[in-house]
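# A look at the structure
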Amino acid sequence: MGFTILVIFVILAAVVALGAIKIVPQGREFTVERFGRYTRTLKPGISFLTPFVETIGRRVNLMEQVLDVPRQEVITKDNVTVQVDAIVFIQVMDAAAAAYRVDNLHYAIAQLTMTNLRTVVGSMELDEVLSQRDHINSRLLTVIDEATSPWGVKVTRIEIKDLQPPPDITNAMARQMKAERERRAVITEADGEKQAAIARAEGSKQSAILEAEGRREAAFRDAEARERSAQAEATATELVSNAIAKGDVNAINYFVAQKYVEAFGKLADSPQQKTVIVPADMGSLVGSIAGVAELVKSIGADGPAPPRPRGRVPTTDG
């Protein structure tokens, strides 16, 4: 009998000891209740409770958690219905507040996120909703983090997971995007043609400038040649005139022979002339040439020789 009582006593002591010793794993905290009232929070590690007086109230997860916000239909500012869902990243910072200030923490945060998501998306037009997801995320994060702060929860991030406009709106957006891309292609092509036309015009301009400069240089050279020819002609005329003034008949013969030779050369060079008729008085021409020779000799003794007559000099041999 005494042995049985001892065994029962040992078993009860072991049960009481096991109930009084609590081991809290890392990343979690346990709340302690004394007769149903919260007294303290157990940190990770080993802790001891008062048997039959203190019990474990709530086991709270302190690790960052991900909540899936259900898909819902939201009407935008321009009366377009879109389907939106999101995910929320939360972390419990105060185990007691998360355990005793809200019932069903995850459900409360999901409903709060859905409500604010309708508010934020409903205040924006469809184009803004589709292009400003980061703005929506930041607004939701600010509002929900402030609302969950009394619950001892920190909302670290909110992300819009999916946005689905109606099929007709999606088709219209696809056509609009195609038209916009075609417009950009036309503008780009027009810009390319414009640049090419400008380049061609610039090239034509430079070519015209260079051609004009070439013509100017050629004209300058021609004028210079004519000026030198005129100077030579004037010098020759002056020398012959001086010879005539001195009474030299050969000077007159020089002018006559020069004009005669020029006319005969033009007649021979004519492209329409197939037959050249040699004048019968070639003897007089020879005499004129002899007179010219005498004049040249006399002028050579007194000064520079006059220029030679232009054109071809016909011979008696034909």
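A brief report on the enclosed structure follows. These numbers come from a predicted model, not from an experiment. (Residues numbered from 1 in each chain as written. Predicted model: local features only at pLDDT ≥ 70, side-chain atom pairs only at ≥ 80, totals over all residues. Heavy atoms only, no water.)

## Regarding the sheet that holds strand 5 (residues 54-61)
Filter applied, for reference: Whether two strands pair depends on DSSP finding at least two bridges between them. Secondary structure elements are taken from DSSP: a helix is a run of H or I of four residues or more, a strand is a run of E of two residues or more, and numbering for both begins at the N terminus. Every angle, taken between N-to-C directions, lies between 0 and 180 degrees, and every axis is a line fitted to C-alpha atoms, over only the stretch in contact when it is a helix.
Read from one edge to the other, the open sheet built from three strands follows the order 3-2-5, with strand pairing classed as antiparallel. If you trace the sheet from one side to the other, it starts and ends with strand 3 (37-42) and strand 5, each paired once. Recorded for the sheet is a direction-independent mean angle of 30° between the axes of neighbouring strands.

## Things to note about the sheet that holds strand 7 (residues 81-92)
What counts, and what does not: Every residue pair with non-hydrogen atoms within 4.5 Å of one another is taken to be in contact.
With respect to topology, three strands assemble into an open sheet ordered 6-7-8, the strand pairing being antiparallel. On the outer flanks of this sheet lie strand 6 (65-75) and strand 8 (153-164), each paired with one strand and no other. Strand-to-strand twist of the sheet, defined as the mean angle between neighbouring strand axes without regard to direction, takes the value 20°. When strand 7 meets strand 8, the two strands line up antiparallel, connected through 10 bridges. Across the sheet, residue Gln91 finds its bridge partner in strand 8, namely Lys154. Contacts from helix 3 (residues 105-122) reach strand 6, strand 7 and strand 8, with the element oriented near 35° to strand 6.

## Comments concerning the packing of aromatic side chains
Here is the rule we go by: Here a pair means two rings of Phe, Tyr or Trp (six-membered ring of Trp) with centres within 6.5 Å. Their orientation is stacked below 30 degrees between planes, edge-to-face above 60, and tilted elsewhere. Charges are assigned to positions over rings by a cutoff of 6 Å between ring centre and Lys NZ or Arg CZ, combined with an angular limit of 35 degrees from the ring normal.
Throughout the structure, instances matching the rule amount to one aromatic pair. With 5.4 Å between their ring centres and 50° between their planes, Tyr38 and Tyr100 make a pair best called tilted. A residue pair is termed long-range when its members are at least 10 positions apart, and Tyr38 in strand 3 and Tyr100 in helix 2 (residues 95-100) qualify at 62 residues. Positioned above the aromatic ring of Phe89, the side-chain terminus of Arg157 is 4.5 Å from the ring centre.

## Some points on the pattern of salt bridges
Spelled out, the test is: Salt bridges are defined as contacts in which a side-chain nitrogen from Lys or Arg sits within 4 Å of a carboxyl oxygen from Asp or Glu. Note on exposure labels: buried denotes an accessible area under 20% of the residue type's maximum, exposed denotes more than 50%, and partly exposed covers the range between, all computed with a 1.4 Å probe on protein chains only.
Under the counting rule described, the total for this entry stands at 13 salt bridges. One salt bridge in this structure joins Asp162 and Arg71, with 3.4 Å as the shortest N-O distance. Here Arg71 lies in strand 6 and Asp162 lies in strand 8, a separation of 91 residues in the sequence. Across the pair Lys154 and Asp145 runs a salt bridge whose closest N-O atoms are separated by 3.3 Å. The class of Asp145 is buried, set by a relative accessible area of 19%. Taken together, the shared-partner salt bridges connect Glu217, Arg221, Glu224 and Arg228 into one network.

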